[in-house]
Amino acid sequence: MAWEMDVHYGLTKWLAFQAGFSLADAEVIARGTEAPDEGKLYPAPSAVFKAACLGNKDKDISMLVQEYHFPSDGPIPGAPPKARCRAGIG
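### Here we look at the overall build of the protein
Broken down by element type, the protein carries four helices and zero strands. Going from the N terminus to the C terminus, the protein shows its helices and strands as α-α-α-α. Per-residue burial over the protein gives 23% buried out of 90 residues. Looking at the protein alone, contacts between residues at least 24 apart form 28% of all its contacts between residues at least 6 apart. Carbon and sulfur atoms provide 62% of the accessible area of the protein, an area that totals close to 6200 Å².

### Thoughts on the pattern of salt bridges
This structure, assessed with the given rule, holds two salt bridges. Among the salt bridges present, the one from Glu 27 reaches Arg 31, with a minimum N-O distance of 2.5 Å. One end of the pair is Glu 27 and the other is Arg 31, both in helix α2 (residues 23-38) and four residues apart, which spans about a single turn. The exposed category is assigned to Arg 31, whose relative accessible area is 56%. Three or more residues are tied together by salt bridges with common partners; here these are Lys 13, Glu 27 and Arg 31.

### So, α2
Counted at 1.5 Å a residue, the expected span for α2 with its 16 residues is 22 Å, and the 22 Å between its end C-alpha atoms agrees. Within the sequence span of α2, burial applies to Ala 26, Glu 27, Ala 30, Thr 33, Glu 34, Pro 36 and Asp 37.

### Quick word on the environment of Tyr 68
Within the secondary structure, Tyr 68 sits in helix α4 (residues 59-68). Since its relative accessible area comes to 38%, Tyr 68 is described here as partly exposed. Tyr 68 sits 32 residues away from Pro 36 along the chain, and the two C-alpha atoms are 6.2 Å apart.

### Thoughts on the side chain of Thr 33
Turning to its location among the elements, Thr 33 is positioned in helix α2. Judged by its relative accessible area of 14%, Thr 33 falls in the buried class. Within the local environment of Thr 33, its side chain forms a polar contact with the backbone oxygen of Ile 29, the two atoms lying 3.0 Å apart. Ignoring anything within four residues of it in the chain, the contact list for Thr 33 reads His 8 and Thr 12.

Criteria and thresholds
- Residues numbered from 1 in each chain as written.
- Predicted model: local features only at pLDDT ≥ 70, side-chain atom pairs only at ≥ 80, totals over all residues.
- Heavy atoms only, no water.
- Helix = DSSP H or I, 4+ residues; strand = E, 2+ residues; numbered from the N terminus.
- Buried < 20%, exposed > 50% of the residue type's maximum accessible area, 1.4 Å probe, protein only.
- Contact = heavy atoms within 4.5 Å.
- Areas by Shrake-Rupley, 256 points an atom, 1.4 Å probe, with all protein chains shown as cover.
- Salt bridge = Lys/Arg side-chain N within 4 Å of Asp/Glu carboxyl O.
- Expected span 1.5 Å × (residues − 1).
- Polar contact = N/O pair within 3.5 Å; in protein donor to acceptor, adjacent residues only side chain to side chain.

And the structure:
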């Protein structure tokens, strides 16, 4: 798995600046986009690895992965066809 800062942070900062935000505001937006991936509680790489790759049945971890990394309105646990994605925060 690859979560790279150049997309969530770098590209977001550049896009925000191109959209007319000041450099300071673009920085805030970029940090907010990167935060769920680099957070101390359940950063994306380890949370997704535990929930998806190891088959971890911890509902709380699965809910965090759903909310912050792969948002959907499907049930947890749920079959992939019922987990339709929706617009998220990151």
